[in-house]
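Secondary and tertiary structure notes
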Amino acid sequence: MSQPRINLLPYRQEKRARKQREFIGMLFLAAIAGAAVVFLVNQFLDNRLEAQNSRNQLLTAEIKKLDEQIKEIDRLREEIRLAIERKKTVEALQANRAQSVRLLDQMAHQLPEGVYLRSAKQKGNTVTVNGYAQSNAHVSALMRNIENSQWLDKPRLVEVKLVENKDNLQPNQRKDAKNVKPTMANEFTMIFDVKRADQQTETQTAATRQGGA
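This next bit is on unusual backbone geometry. Of note in this structure, Lys154 is not a glycine but carries a positive phi near 55°. Among the secondary structure elements, Lys154 is positioned in strand E3 (residues 152–165).

Next up, the structure:
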C-alpha cells in the first residue's frame, strides 16, 4: 500500500503572491495603457493646435493682403476725388471766363443811354455796379433791362443820390480847364445776379414758348 502524501508547502502564501503578481501586472498594463492614451490625446491636441496655428497664419496673411488692398482702394478713391475736384475747378474757371465775357456783353447791351458805369465788382453770381444816370428814370430803365435779360436777374437798387458830376464835360473841354461848371447827376449803386446755367436754360425755354405762341 502506498503511503499518503501531505503537502506541507504554504499554498496560501503562494496563492496570495500569485494574485499580487497578477495585480501588479494589471497595474503595469493599466499604466502603459494610460500613458498611451495620454500620449495619443496629447498628440491629437498638438496636431489640432498646429492646424489652428496654420489657419491663424493663413488668416493673418489674408487680412494683411486685404489691408493692403483697402489702402490701395483708399488711395485710388483719393486720386479720383482730387481728379474730380480738379475737373470741377477747370469747369468753374471756364464757366467764369465765359460768364465774365457774357456779363460785359450784357452790360453793354442793357445799359440805356444817359447811364454810364464807374465800377463793377463780381463776387460769385452777384455783381455790384456803381455809376451815374441823368435821372431816376434812366436808373429804372436799367433795372427793367436787367429784369428782361436772359442772363441777368434780380436787380436791387442800393442807393441813389444827386451829386456833382465833374466828369460830365462839354465837348472840346478838358478836365483841367478853368471855369468848368460841373453838372448834376444821379449817382447810384445797384446789385444784380448773373443767372446760373439752369436758370438761363429755363429763361430761354420760356422765351421760345412765348415766341411760338
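With respect to the helices, strands and loops of the structure, Asn186 is situated in strand E4 (residues 183–194). Among the polar contacts made by the side chain of Asn186, one reaches the main-chain carbonyl oxygen of Gln134 at a distance of 3.4 Å.

Pairing of strand E1 (residues 115–123) with strand E2 (residues 126–133), which is carried by eight bridges, proceeds in the antiparallel orientation. Along E2, the bridge assignment pairs Tyr116 with Tyr132.

Across the twelve residues of E4, nine count as buried, placing the element largely inside the fold. Bridge count between E2 and E4: eight bridges; the pairing is antiparallel. Paired with Ala133 across the two strands is Asn186, which belongs to E4.

What counts and how
- All residue numbers refer to position in the chain's written sequence, counted from 1.
- With the structure being a predicted model, the display of local features is reserved for residues of pLDDT at least 70 and the display and counting of side-chain atom pairs for 80 or more, all residues being used for whole-chain, interface and lining totals.
- As a rule here, side-chain values come from all non-hydrogen atoms in the structure, and water together with hydrogens is ignored.
- Every helix listed is a DSSP run of H or I at least four residues long, and every strand listed is a run of E at least two residues long, numbered separately from the N terminus.
- Here a polar contact is recorded for every N or O atom pair within 3.5 Å, except that within protein the pair must consist of a potential hydrogen donor and a potential acceptor, and residues adjacent in sequence are included only if both atoms are side-chain atoms.
- Whether two strands pair comes down to DSSP finding at least two bridges between them.
- Think of it in three bands: with a 1.4 Å probe and only protein chains considered, a residue is buried below 20% of the maximum accessible area for its type, exposed above 50%, and partly exposed in between.

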